[in-house]
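Structural characterization, general
One letter stands for each residue in the lines below.
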Amino acid sequence: MEQPAIKFENVWKIYKLGRVEVPALRGLNIEIKRGEHVAIMGPSGSGKSTFLHLAGALDRPTRGRVLIEGRDPSKMSDEELSRLRNELIGFVFQTFNLIPRLTALENVMLPLAIKGVNGEERMRRAKEALEMVGLARRMNHRPIELSGGEQQRVAIARAIVTSPRIILADEPTGNLDSASAAEVVDLLTRLNRELGVTLVVVTHNPETAAPAKRIVRMRDGVVYEEN
Ligand SMILES: Nc1ncnc2c1ncn2[C@@H]1O[C@H](COP(=O)(O)OP(=O)(O)O)[C@@H](O)[C@H]1O
Ligand SMILES: [Mg+2]
């Protein structure tokens, strides 16, 4: 049987701030199948970002097990881990996280450079990703010369340029006006439907969550409701 894209088994994440322990996840169980489009909602502080960090192998659980396509990142070498993050997963953040002095094209080429893809191929694939997000004409612009919505679309191009199988988006429309937000949501939804990418979107915004087939609500570090 095919392994789920993401599986959490009784996952705890306890941050330590000096002597104070902050439990961000308290025995979280969730399974996300390949090709699913899931929205994660819940009040601020409920553990949504912590969940995404663990799902993307950016951090490890205090207790319990995280499996990404059936594999346990806590058992991987550093090299396997960086390969997993670079090849399997694309991240999209609320604040876009583009590098200001690089053009859109250069920002999108960056993950391929890290992967060691040669210059010509890098250029070709980055242009293709920018076309996919409708920004080929803006490829030589720097982030500051682009609107918020355009910057987020560049960030999405950067996330998909390595052809990841999973996209994890943390409040991707949190800094956008409603028209740009709608464009970004349409784009992410299209990537899920047309490319079959597993899409997990953390959001406060019901309109950002709406196209998801499944809405998971978190509270106090666990799932408390699904529909
Ligand atoms: N790096 C960290 N160090 C200490 N506490 C943290 C850290 N990251 C998150 N937390 C705490 O963990 C809880 C869950 O945070 P988070 O996962 O960011 O929630 P959400 O994304 O739903 O707002 C909060 O109480 C937050 O303050
Ligand atoms: Mg958060």
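Before reading on, note that the structure itself is shown above.
These lines cover the structure that appears in this document, whether it is placed above or below. (Residues numbered from 1 in each chain as written. Chains lettered and ligands numbered in written order. Predicted model: local features only at pLDDT ≥ 70, side-chain atom pairs only at ≥ 80, totals over all residues. Heavy atoms only, no water.)

Some points on empty space enclosed by the protein
Per the counting criterion, the structure on display carries one cavity of 30 Å³ or more. Its volume calculated, the largest cavity comes out at about 30 Å³. Taken together, the residues that form the lining of the largest cavity break down as four nonpolar, three polar and no charged. (1 Å grid on protein atoms, 1.4 Å probe; cavity = no way out; pocket = protein on both sides within 12 Å on 5 of 7 lines; lining within 4 Å. Points joined across faces, edges and corners; volume = space filled by probe spheres on them. Nonpolar A, V, L, I, M, F, W, Y, C, P; charged D, E, K, R; others polar.)

Some thoughts on the side chain of Glu171
Secondary-structure assignment places Glu171 in the loop between strand 6 (166-170) and helix 6 (178-195). Despite its burial, Glu171 remains without a salt bridge, the nearest opposite charge being carried by Lys48 at 4.7 Å. (Helix = DSSP H or I, 4+ residues; strand = E, 2+ residues; numbered from the N terminus. Buried < 20%, exposed > 50% of the residue type's maximum accessible area, 1.4 Å probe, protein only. Lys, Arg positive; Asp, Glu negative; His and termini not counted. Salt bridge = Lys/Arg side-chain N within 4 Å of Asp/Glu carboxyl O.)

Observations regarding the sheet that holds strand 1 (residues 6-17)
Across the sheet, which stays open at both edges, the three strands sit in the order 2-1-4 with antiparallel pairing between neighbours. Single-partner strands in this sheet number two, and they are strand 2 (20-32) and strand 4 (63-68). Across the sheet, the mean angle from the axis of one strand to that of its neighbour is 30°, orientation sign disregarded. Pairing geometry for strand 1 and strand 2, over ten bridges, is antiparallel. Paired with Val11 across the strands is Leu28, a residue of strand 2. (Pairing = 2+ DSSP bridges. Axes fitted to C-alpha atoms, helices over the stretch in contact; angles between N-to-C directions.)

A short note on the site of ligand 1
Taken together, Tyr15, Leu17, Val22, Ala24, Pro43, Ser44, Gly45, Ser46, Gly47, Lys48, Ser49 and Thr50 form the complete shell of residues around ligand 1. Here Gly47 contributes a backbone N or O atom positioned 3.1 Å from an oxygen atom of ligand 1. Within the side chain of Lys48, one N or O atom sits 2.8 Å away from an oxygen atom of ligand 1. In isolation ligand 1 exposes 560 Å². Once the protein is present, 62% of that is buried. Looking at the shell around ligand 1, the elements with two or more residues in it are strand 1, strand 2 and helix 1 (48-55). Considering every element that reaches the shell around ligand 1, the biggest residue donor is helix 1, with three residues. Its residues assigned to classes, the shell around ligand 1 comprises five nonpolar, six polar and one charged. (Near = heavy atom within 4 Å. Polar contact = N/O pair within 3.5 Å; in protein donor to acceptor, adjacent residues only side chain to side chain. Areas by Shrake-Rupley, 256 points an atom, 1.4 Å probe, with all protein chains shown as cover.)

Some thoughts on the packing of aromatic side chains
What the rule picks out here adds up to two aromatic pairs. Relative to Phe51, the ring of Phe8 lies with its centre 4.9 Å away and its plane at 55°, an arrangement referred to as tilted. With Phe8 in strand 1 and Phe51 in helix 1, this residue pair connects regions lying 43 residues apart in the sequence. By relative accessible area, which is 1% here, Phe51 ends up buried. Between the aromatic rings of Phe91 and Phe93, the centroid separation amounts to 5.7 Å while the plane-to-plane angle is 10°, which identifies the pairing as stacked. The positively charged end of Arg63 is found above the aromatic ring belonging to Trp12, 4.9 Å away from the centroid. (Phe/Tyr/Trp six-rings, centres within 6.5 Å; stacked < 30°, edge-to-face > 60°. Lys NZ or Arg CZ within 6 Å of the ring centre and 35° of its normal.)

What to know about the environment of Pro206
Considering the arrangement of structural elements, one finds Pro206 in helix 7 (residues 206-209). Of the residues examined, Pro206 reaches a relative accessible area of 57% and is grouped as exposed. Between the C-alpha atom of Pro206 and that of Val20, which follows or precedes it by 186 residues, the distance is 34 Å.

Here's the deal with a nonpolar patch on the surface
On the surface, Leu17, Val20 and Val22 cluster together into a nonpolar patch covering about 260 Å² of accessible area. With respect to the element layout, Val22 can be found in strand 2. (Patch = residues over 30% accessible without salt bridge, like charges linked within 9 Å, V, L, I, M, F, W, Y side chains within 5 Å.)

Concerning the packing of helix 4 (residues 119-132) against helix 5 (residues 148-160)
In the contact formed by helix 4 and helix 5, the axes pass within 9 Å of each other and the chain directions differ by 130°. Considered as vectors, helix 4 and helix 5 are oriented oblique to each other. The two elements helix 4 and helix 5 cross, and the hand of that crossing is right-handed. Residue-level inspection shows Ala129, Leu130 and Met132 of helix 4 in contact with helix 5, the latter providing Val154, Ala157 and Ile160. (Parallel < 35°, antiparallel > 145°, perpendicular 65-115°, else oblique. Left-handed = near helix turned anticlockwise from the far one by under 90°. Contact = heavy atoms within 4.5 Å.)

Concerning the nonpolar core
Ranked by size, the top nonpolar core spans 34 residues in total, and within it Val108, Leu130, Val133, Val154, Ile156, Ile167 and Leu188 carry the most contacts. Sorting the residues of this core by element identifies helix 3 (104-115), helix 4, helix 5, strand 6, helix 6 and strand 7 (198-202) as the ones contributing at least two each. The leading source of residues in this core is helix 5, at six residues. Membership of the second largest hydrophobic core comes to 29 residues, among which are Ile30, Phe51, Phe91 and Ile166. (Core = buried A, V, L, I, M, F, W, Y, C linked by side-chain atoms within 4.5 Å.)

By themselves, these figures tell us nothing about what the structure is for.
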